[in-house]
Amino acid sequence: MSIPASLQGQLSVPVICAPLFIISNPDLVIAQCKAGLLGSFPALNARPAEELDVWLTTIKTELAAARAADPNARIAPYAVNQIVHDSNSRLRHDIDACVRHRVPVMITSLKAPHEVVEAAHQYGGLVFHDVINARHARKAIEAGVDGLILVASGAGGHAGALNPFALVAEVREFYDGPIALSGSITQGAQVLSAQAMGADFAYIGTRFIATTEARADAAYKQMLVDSRADDIVYSSLFTGVSGNYLRGSIERAGLDPRKLPEGGKSAMDFDAAVSGGAKAWRDIWGAGQGVGSIKDVVSTAEAARRLVAEYREALRAAQDFTRDFA
């Protein structure tokens, strides 16, 4: 295991909650962290830009109060996602805000995050970077990141096409640092499975869209409950980068999921998305192939409680296997 010292003893289960574009908000992040899961949100979700300071102050204040009220509780740190892309005109502003607030972890996406790493390391912050293959992993390591998030096939939103067994095995050939694994993980046993194959954390997103705190349309949450793995469509049309989306939302937009053309990278415009001007982000709903395990919309606390209970039960079962086969 390669869990950073600053995270050890603070998590109830080895889970990082993925930053959900447009959806994650302070209420969701605070609930995740209070449950012992590392909560996160994209910096761009706080708008206008000045609102980011408000969000960070709120999260820090609430978590500090929770720790003071119960010093023995496992209350996790939080993370902020920085989208390292040319269309993100706020990147420098948002990095500076995170430095002022000494954000414990920054999660970076798309390009190698040299600028973010330099800023976070000034105050001892960590940077974890999303990658979909070994080539991207090597670039992130060269940039000095503290951990990798391996986005394997089946993950919600922007996702890779590699099987998680293959991806983890290839990256572990040259990297012994912290790894979080993403891709269809919704249950505690799957968290343990991620660790068994060589990851340190599970990276979970879709399960937390179907929570009461998530800032998602009620129809979106219900579609997650009603959908199964074969209702997930992998396409690059909507943002120019391949990702997984709910078939029902594509059909609602008047498109045929079986006949989607390829998308160009010019379709990705984060500035337009956060201001409500990009229909793809608003009306085409991302989700991972693990939707079949989501049966209801519950509080984040309840979703976390189930994860922890399932993880502990899987650990007990694994101990039985060890006795039989070690």
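What counts and what doesn't
- Residues numbered from 1 in each chain as written.
- Predicted model: local features only at pLDDT ≥ 70, side-chain atom pairs only at ≥ 80, totals over all residues.
- Heavy atoms only, no water.
- Axes fitted to C-alpha atoms, helices over the stretch in contact; angles between N-to-C directions.
- Helix = DSSP H or I, 4+ residues; strand = E, 2+ residues; numbered from the N terminus.
- Parallel < 35°, antiparallel > 145°, perpendicular 65-115°, else oblique.
- Left-handed = near helix turned anticlockwise from the far one by under 90°.
- Contact = heavy atoms within 4.5 Å.
- Nonpolar A, V, L, I, M, F, W, Y, C, P; charged D, E, K, R; others polar.
- Buried < 20%, exposed > 50% of the residue type's maximum accessible area, 1.4 Å probe, protein only.

Student: What is the right way to look at the packing of helix α3 (residues 91-101) against helix α4 (residues 114-121) in this model?
Tutor: Axes are the key here: two packed helices are described by the angle between their axes and the distance separating the axes. Across the interface, α3 lies against α4 with an axial gap of 9 Å and an inter-helix angle of 20°. Judged by the inter-axis angle, α3 sits roughly parallel to α4. Handedness of the α3/α4 crossing: right-handed. The segment α3 lies against α4, with Leu 91, Arg 92, Ile 95 and Val 99 engaging Glu 115, Val 116 and Ala 119. Classifying every residue of the contact of α3 with α4 gives 5 nonpolar, no polar and 2 charged.

Student: Please explain unusual backbone geometry as it appears in this structure.
Tutor: Glycine aside, the phi torsion of most residues is negative, and most peptide linkages are trans. For the bond running from Arg 47 to Pro 48, omega is 0°, close enough to zero to count as cis. The topology assignment puts Pro 48 in the loop between β2 (39-42) and α2 (51-69). Positive phi values are uncommon outside glycine, yet Arg 102 reaches one of about 50°. Structurally, Arg 102 is set in the loop between α3 and β4 (105-110). Its identity as a non-glycine residue notwithstanding, Ser 184 has a phi of 70°, on the positive side. Under the relative-accessibility criterion, Ser 184 is labelled partly exposed at 26%.

Student: Whenever I open this one, the environment of Pro 257 confuses me. Can you help?
Tutor: Summarising the element assignment, Pro 257 is placed in the loop between α10 (247-252) and α11 (270-274). Pro 257 sits 41 residues away from Val 298 along the chain, and the two C-alpha atoms are 29 Å apart. Look past the residues within four positions of Pro 257 in its chain and what remains in contact with it is Val 233, Arg 247, Ile 250 and Glu 251.

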